[in-house]
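Each chain, letter by letter, is given below.
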Amino acid sequence: MKLTCDFGHMHDTWFGNVNGQVHAFHLKLSPAQDALDTVGHAVSSDLLHWTRLPDTLPPLRGENERDYHEKFTGCFMIRPAALNGGQQEDYLLYYTMRDKRAGNQRIGVAISQDMVHFVPWEGNPVYEPDPALCVGYANIGDLPWNIVDCRDPLVVFDEAAGVYVMYVAAAVLSGEEGIRGGILAVESCDLLHWSKPTVAYRMKQSGMVEVPDVFFLDGKWVMTLLTGTQYRGRGGILDPYIQNFTVYAVADNPRGPFTEPETDNVLIGGTRDSGASCRSVLWKGRRILFYTDRNPDGNTLSLPKELHAAGGILRAFYMPELRSLRVKSLLGGGAYPPAELLHTSFAWQSFGGVCDSAEDGYRMRTGPQDYQTVLLETRAASLEMEAAIDVQGKAAGFAFRLFAANGGMRDFVLSAEPLKKRLVLLDNLAFTLVMGREQVFPARRPFFLRLLILEGTIEAYIDDVLVLQGALPAFTAVQAGLFCEGGEAVFHGLAAYALEK
């Protein structure tokens, strides 16, 4: 169901809202050739179902040596009629130009009147990096750097100042600290000519950041940035369970300086197979987040999430519109059916606890050193599961079994562990860590756990805040279950649904 590339893997995606229709533009990668191609284009009115439009922005090759290779990430803007000399607005698609000689980068723009055909502007590039602030064309020969970074543009309108601000990722000069990743901010009154560069964000540690997104939300200017251990070492990483992640920073002014929170700087994060390249779009008055899902069958666009930044703390929330993907209730009406207890040993028929149906769910009990998993009659091609869980032991959560096309199967446990302050996905029976996040659970009350398993990916929410997301092994069907360890857990209001394919 999710938007994907027609011949391979999706990469970075950016969005524009035109009269309530959301357009998605994305990079396309052919796994066989390990090379980018044209820029893909699709449109949606509900953010769940997408219609493909013709690809755009092919590489120019011999036509332009400064815009020679396939494009890197860009952004979209509507240009008001007052700025284009016409009677109607037109549409601008910014992108990262890459030259023939070394793939050095500049920012270009293409213009369209119909949202289908985009023609590169004859005045490109619209911006090149300023050597006074970062690695540029005038100083790269004197610096220990191998490429001119000027990529992934993002344009916003600063209503208070009446100007547009463009953000670009660059290799920023940082005095005695050397060269560090950062984000430049430049200004424009006409969306074509850009000047007054400043450093809006500078990393505290060595490394790089990519794919900035900037928006005003809940009283703060917020910037999100793709990074990870492979981008910037281990500095600034507080959660020991993640390697690939998107951080956020906040500011009172769109020109910055944007600073990351000291104790909570991650929007989404996980393993190398987790989602990346966050970008958002304003839709029906709400700020909606997307990212690129990685999975065995090819990268796809994630399901939408709703962003909030109360008190400057940015979180991605479950979007109520996702309930429209439910096509069937898997637990049915009336009493809850008996659960199938799974053995707690690979070789012996041992059990660690019991599971009884309750008025609105199930109650599980185990010994203080035991655990128990159960499966429910809930098999489907894709699945959503939810319950309010009252943990009176070490851990509790959901279990599930994946069925592969070759007839094999594999069991997992999604374990909420309040005492250890973490939510983890574990392989059952070995209980090896698959992915995890640090998580503080509410004191003295149940928490609401939601699990979505869809098209090679998993999403897990605590009280409707996204905590875990990432790739799963390839599967054709999934069966849901429950898990309890070291005591008792009650699952209130348990529900499971088959999801649209």
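Data block above holds the structure.
Residues numbered from 1 in each chain as written. Predicted model: local features only at pLDDT ≥ 70, side-chain atom pairs only at ≥ 80, totals over all residues. Heavy atoms only, no water.

**Regarding the overall build of the protein chain**
Under the convention used in this document: Only DSSP runs of H or I reaching four residues or more are called helices, and only runs of E reaching two or more are called strands; each is numbered from the N terminus. A radius of gyration in this sense is built from C-alpha atoms; the matching globule rule multiplies 2.2 Å by the number of residues raised to 0.38. Accessible area is worked out with a 1.4 Å probe on protein chains only. A residue is then buried under 20% of its type maximum, exposed over 50%, and partly exposed in between. Contacts are residue-level and defined by heavy atoms, with any inter-residue pair within 4.5 Å sufficient. In these tables, accessible area is a Shrake-Rupley quantity obtained with a 1.4 Å probe, and a residue counts as shielded only by the protein chains included in the view. We treat Lys and Arg as the positive residues and Asp and Glu as the negative residues; His and chain ends play no part in the count. Throughout, a charge is located at the NZ atom of Lys, the CZ atom of Arg, the CG atom of Asp or the CD atom of Glu.
Of the regular secondary structure elements, the protein chain holds 2 helices and 36 strands. Taken over C-alpha atoms, the radius of gyration comes to 24 Å for the protein chain, in line with the 23 Å a tight globule of 501 residues would show. Projected onto the principal axes, the alpha-carbon positions of the protein chain cover approximately 70 × 50 × 45 Å. Across the 501 residues of the protein chain, 59% fall into the buried class. A fraction of 56% describes how many contacts in the protein chain between residues 6 or more apart in sequence connect residues 24 or more apart. Counting every atom, the protein chain has about 20000 Å² of accessible surface; 50% of that belongs to carbon and sulfur. Between the averaged position of the 45 positive side-chain charges in the protein chain and that of its 59 negative side-chain charges there is a distance of 3 Å.

**A short note on the sheet that holds strand β26 (residues 371–380)**
Formally: Two strands pair if DSSP finds at least two bridges between them.
Spatially, β23-β26-β35-β28-β29-β30-β31 is the arrangement adopted by the 7 strands of the open sheet, whose pairing is antiparallel. Each edge of the open sheet carries a strand with a single partner, namely β23 (340–341) and β31 (433–438).

**Comments concerning the pairing of strand β12 (residues 195–202)**
When strand β11 (residues 179–188) meets β12, the two strands line up antiparallel, connected through 5 bridges. Bridge pairing links I183 to Y201 in β12. Hairpin remark: β11 followed by β12, antiparallel, with 6 residues in the connecting loop; positive phi at L191, about 75°.

**What about a nonpolar patch on the surface?**
Keep this limit in mind: Nonpolar side chains (Val, Leu, Ile, Met, Phe, Trp, Tyr) within 5 Å and like charges within 9 Å form the patches, drawn only from residues with over 30% relative accessible area and no salt bridge. We define a salt bridge as a contact between a side-chain nitrogen of Lys or Arg and a carboxyl oxygen of Asp or Glu at a distance within 4 Å.
Taken together, F346, W348 and L429 make up a surface patch of nonpolar side chains, about 420 Å² in accessible area. Turning to its location among the elements, W348 is positioned in the loop between β23 and β24 (353–357). Judged by its relative accessible area of 60%, W348 is exposed.

**A word on the side chain of S274**
Threshold: For this analysis, a polar contact is any N or O atom pair within 3.5 Å, provided that within protein one partner can donate a hydrogen and the other can accept it, and provided that sequence-adjacent residues contribute only side-chain to side-chain pairs.
With respect to the helices and strands, S274 occurs in the loop between β16 (266–270) and β17 (276–283). Of the residues examined, S274 reaches a relative accessible area of 0% and is grouped as buried. A distance of 3.1 Å separates a polar side-chain atom of S274 from the backbone oxygen of Q469. If near-sequence neighbours (up to four positions away) are discounted, S274 is found in contact with N244, R294, Q469 and G470.

**Concerning the packing of aromatic side chains**
How we decide: Pairing of aromatic side chains here covers Phe, Tyr and the six-membered ring of Trp, requires ring centres within 6.5 Å, and sorts the geometry by plane angle: under 30 degrees stacked, over 60 edge-to-face, intermediate tilted.
One pass over the full model with this rule turns up 18 aromatic pairs. Ring geometry for F400 and F412: centres 5.3 Å apart, planes at 20°, overall stacked. You can see F400 sitting in strand β28 (residues 395–403) and its partner F412 sitting in strand β29 (residues 409–417), a full 12 residues away along the chain. As far as the burial class goes, F400 and F412 line up, both buried. Each ring, one from F431 and one from F483, has its centre 6.1 Å from the other, and the planes form 45°; the classification is tilted. Remark: F483 occurs in strand β35 (residues 477–485) and F431 occurs in the loop between β30 (422–428) and β31; sequence separation between them is 52 residues.

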